[in-house]
Amino acid sequence: MNLFKRKKNFSLFLFLFFVLVAACTKIITSDIGSGLIPPVDGVITKDTVLDVITKNSGEDTIRVGLYDDHTLGYTDDPLFGKTTADINVQVYPPYFPYTFDTTADSRILDSVVLVLSYRGAWGDSTQHLSLNVYDMPSDEPFSKDSLYTNVKRFAEGNLLTENNVAKDVDITALNDSVHLFNEAAINQLRIRLNNSFGEKLLNEFDSTSEYKNDTLFRAALNGFQIKAEQQMGNALIRINLQDTNTKLAIYYKFKDTSGGYDTTVRYFRANPFYSASSNYILRDRTNAQVAQFFPPNSNAQDSLLYLQTEPGLYSTINIPGLSGLPNMIVHRAELLMEQVPDNTSRSDTYFTAPNLFLAAYSQDSARRFAIPNDIQFFNGSIANLISFGVLPNKKVSTSGDTLYNYNFELSRYVQGIVTRKEPVYELVLYAPFNSYIYPFETATFTSPISSFPLNFPAIGRVRLSGGSNHIANPNCMRLHIIYSLL
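Residues numbered from 1 in each chain as written. Predicted model: local features only at pLDDT ≥ 70, side-chain atom pairs only at ≥ 80, totals over all residues. Heavy atoms only, no water.

Asks: How do you make sense of helix 5 (residues 411-419) when you look at a structure like this?
Replies: An α-helix turns once per 3.6 residues; consequently, residues spaced three or four apart project the same way. With respect to burial, helix 5 is a largely interior element, 7 of its 9 residues being buried. For helix 5, the set of buried residues is Ser411, Tyr413, Val414, Gln415, Gly416, Ile417 and Val418. The inward-facing, buried residues of helix 5 abut strand 19 (328-338), strand 25 (402-409) and strand 30 (478-485). The positive-phi residue at the C-terminal boundary of helix 5 is Lys421, with phi of around 55 degrees. (Buried < 20%, exposed > 50% of the residue type's maximum accessible area, 1.4 Å probe, protein only. Helix = DSSP H or I, 4+ residues; strand = E, 2+ residues; numbered from the N terminus. Contact = heavy atoms within 4.5 Å.)

Here is the structure:
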């Protein structure tokens, strides 16, 4: 009998334990459009949806540093328009004064090639790009001490591409292996230059003049301009200037001690101590669908939002209903946003969505800053980007199309408004490249949004459904709140 009682009490204990565990389980996410959440611990949990006001509002500029991946190429997007991306960079010999260790009359040029480190492509990589290389005019100020934004355009120098004909680039072949003199490599974009230019570098420049120091060399060769020809191709490729694959290669033959000829190569590279660089990125939205919304029209809000990775477009979001919420416990508040696909030209198949970021904005301080309470900083950058909601979530529609949506968590921000009467801010939605943000509105310093760039320059775009009446348009941008009344 005692054994039966002990078993009965043990079973009752297990039952109560599992009930308690189930009752304390926290809801950490919700389904879009979910209704009444089942009661938890006898407290009635409800949800509500607040409409938002959205507007295509502005365009950001960026600076791309020497160590960052640069963007090169040309795209023509029916939704967002045309993008042209050019690279400007200086290369230097490995030391000064520089010498080839043989006399000029014993050297015979084979070829001179500008080699660029290829890191990937965005867009329709099956279409070929067309690239030209120019020198930077010697009287054009181009200095490592200056920071150039993407809108800085330099005067065009002398055309250097071999035979003055643009290089045809098959993007799909850029990751093929290359086996050349003393080198076996992959992911190289190789552009051969005119031999007349190579002759100057090999046999005319001298260690007592052009190769004496960096100042004299820069006066003789102020840098290269790698330019994408418009109306050719439909992709942007990523180029890294500090990777060992990037260099100016001078191939030549020289007389050996037996009177024959040996072949060798010398490399000039982008030097972190001397080299200037910049990434010129031009957006042309003429005749694209976005032209109806940007420059901003006079409508109070926009039904469609166009987000481009910086340098690109950003949008503003206002949520009027936040100021009238009752006293409650906010279990979860999510700003929900969904892609409006391009079903006509199917451009979404190769112009893919970027990572997005949501910041607060105050008219008083005229600055963007981290949304209060929901952003966590650690080691100088934001630690909870993924849980905050920056990544696009992929889903497949009933028709088989891939769509993206974003869910930004604003639970602590909304709770602060409800219980501590904290300010309601305008929100800014954008696709950062390598951006910094104020940790709070009155901060005197900024912190990087991410320890690594959240996106690559100009790579990524998405068209979202803007604010509307969520009952009439259940896919519009909206704030979904799960709460319990006190």
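Asks: Help me understand the side chain of Asp374 in this model?
Replies: With respect to the helices and strands, the residue Asp374 is situated in the loop between strand 21 (367-369) and strand 22 (377-378). At a separation of 3.2 Å, a polar atom in the side chain of Asp374 contacts the main-chain amide nitrogen of Arg412. Residues within four places of Asp374 in sequence aside, it is in contact with Asn384, Phe388, Glu409, Leu410, Ser411, Arg412 and Tyr413. (Polar contact = N/O pair within 3.5 Å; in protein donor to acceptor, adjacent residues only side chain to side chain.)

Asks: Any chance you could explain empty space enclosed by the protein here in plain terms?
Replies: Rolled over the atoms, a probe sized like a water molecule indicates the empty space that remains. Inspection of the entire model under this criterion finds 2 cavities of 30 Å³ or more. When its volume is computed, the largest cavity comes out at roughly 70 Å³. Lining the largest cavity we find Thr75, Asp77, Phe80, Gly81, Thr83, Trp122, Arg283, Gln308, Phe351, Ala458, Gly460 and Arg461. Listing elements by their share of the lining of the largest cavity, those giving two or more residues are strand 4 (69-77) and strand 5 (81-89). Residues belonging to the lining of the largest cavity are distributed by class as follows: 4 nonpolar, 5 polar and 3 charged. (1 Å grid on protein atoms, 1.4 Å probe; cavity = no way out; pocket = protein on both sides within 12 Å on 5 of 7 lines; lining within 4 Å. Points joined across faces, edges and corners; volume = space filled by probe spheres on them. Nonpolar A, V, L, I, M, F, W, Y, C, P; charged D, E, K, R; others polar.)

Asks: Whenever I open this one, the environment of Lys227 confuses me. Can you help?
Replies: Relative to the helices and strands, Lys227 is located in strand 12 (residues 224-228). Separated by 131 residues in sequence, Lys227 and Phe96 have C-alpha atoms that sit 29 Å apart. Ignoring sequence-local partners within four residues, the contact set of Lys227 consists of Asp86, Ser130, Leu131, Asn132, Tyr134 and Glu156.

Asks: I keep staring at the side chain of Arg368 and nothing clicks. Help me out?
Replies: Checked against the element boundaries, Arg368 lands in strand 21. Within the structure, Arg368 has its side chain in polar contact with the side chain of Asp60 (distance 3.2 Å). Apart from the residues within four sequence positions on either side, Arg368 is in contact with Asp60, Tyr314, Ala359, Ala360, Tyr361, Val428, Tyr430, Ile437 and Tyr438.

Asks: I keep staring at the sheet that holds strand 3 (residues 53-59) and nothing clicks. Help me out?
Replies: Two orientations exist for strands paired in a sheet by backbone hydrogen bonds: parallel and antiparallel. Spatial ordering of the open sheet is given by 3-18-26-20-21, a layout of 5 strands whose pairing is antiparallel. In the strand order of this sheet, the two ends are held by strand 3 and strand 21, each with one partner. Here the strands of the sheet are splayed against their neighbours by 35 degrees on average, with no regard to which way each runs. Sheet topology note: the strand 3/strand 18 (residues 313-318) ladder contains 6 bridges and is antiparallel. Each residue of the ladder has a partner; that of Asn56, found in strand 18, is Ser315. (Pairing = 2+ DSSP bridges. Axes fitted to C-alpha atoms, helices over the stretch in contact; angles between N-to-C directions.)

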